[in-house]
Amino acid sequence: MRVSYHGHSIVKVETKGKTIIFDPFITGNSQTDLQVENENPDYIILTHGHNDHVGDTIELAKRSGALVIANNEIADYLSWQGLNTHGMHIGGSFEFDFGKVKLTPAFHGSALVTENNEIIYLGMPAGILLMVEGKTIYHAGDTGLFSDMKLISELHPIDLAFLPIGDNFTMGPEDAAIAAKFLKAKTVVPIHYNTFPVIKQDPERFINLLENQTGQIMNAGDSIEL
Ligand code: NI
Ligand code: MN
């Protein structure tokens, strides 16, 4: 499978002829190489309801017919906008035709701000385990450091982990390096930095803090064959 990074929290997985996009925040994302009109995902997976993660989901899914996989509150909200959705919740897993998705805890918020400046609370934020082609990918979503990351890796050995390092809203580099240790992922990729001034970080600093994990900085558009 091909796993590519596209700035902020956007990760794309291409497997078995299907395209899965995590957190497609394209419009307004200073770090992305994607254009909304060029993307035709089969599945969209959302970690939580914040605008910098839900992003262009409605436009993309309306055009491509993508199934949106998210926590139940986000799934309900997006189904009212006319999207095909699959609601799940923390600790639950489901076997889709491309592989298995499991929602893990994340410590963060999950409210969407609408065009009318209303705040809609959309349940608990999540991390995502994606089990595809015998490999396990962990997208931490937005979260602070928590010790149950050890439990996640005990239950599901992780091949590739995407961890936020931007600080301010999520873990910063130091805590993300501890997360990498807890997760024992074979490869760790820093995400959720440099998009806004308050999350400006040098990803090299995160890589240098890693002890036994292999860190890989991915620029927008870079991919890994897994
Ligand atoms: Ni967030
Ligand atoms: Mn975010």
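Scroll up for the structure.
The rules behind each value
Residues numbered from 1 in each chain as written. Chains lettered and ligands numbered in written order. Predicted model: local features only at pLDDT ≥ 70, side-chain atom pairs only at ≥ 80, totals over all residues. Heavy atoms only, no water. Core = buried A, V, L, I, M, F, W, Y, C linked by side-chain atoms within 4.5 Å. Buried < 20%, exposed > 50% of the residue type's maximum accessible area, 1.4 Å probe, protein only. Helix = DSSP H or I, 4+ residues; strand = E, 2+ residues; numbered from the N terminus. Contact = heavy atoms within 4.5 Å. Phe/Tyr/Trp six-rings, centres within 6.5 Å; stacked < 30°, edge-to-face > 60°. Lys NZ or Arg CZ within 6 Å of the ring centre and 35° of its normal.

A. Highlighting the nonpolar core. Formed by 26 residues in total, the largest nonpolar core has its most connected members in V13, F98, V101, L130 and F162. Counting residues per element, the ones that place at least two in this core are β1 (2–5), β2 (11–15), β3 (18–22), β4 (43–45), β8 (100–105), β11 (126–132), β13 (160–164) and β14 (187–191). Top element by residues in this core is β11. It accounts for 4 residues. Other than its neighbours up to four places away in sequence, F98 contacts T15, K16, I20, Y43, I69, L130 and V132. Judged by nonpolar contacts, the second largest core, of 24 residues, contains L129, A177, A185 and Y193.

B. Representation of the packing of aromatic side chains. Counted by the stated rule, this structure contains 6 aromatic pairs. Both rings, one in Y43 and one in F96, keep their centres 6.5 Å apart while their planes meet at 65 degrees; by these two values the pair is edge-to-face. With Y43 in strand β4 and F96 in the loop between β7 (93–95) and β8, the pair connects residues that are 53 residues apart, well separated along the chain. F96 carries the same exposure label as Y43, and that label is buried. Note on F94 and F96: the rings are 4.8 Å apart at their centroids and 65 degrees apart in plane angle, and the pair reads as edge-to-face. A relative accessible area of 39% places F94 in the partly exposed class. One aromatic cluster is present, built from ring pairs that chain together Y43, F94, F96 and F98. Across from the ring centre of F182, 4.6 Å away, lies the NZ or CZ of K150, which sits over that ring.

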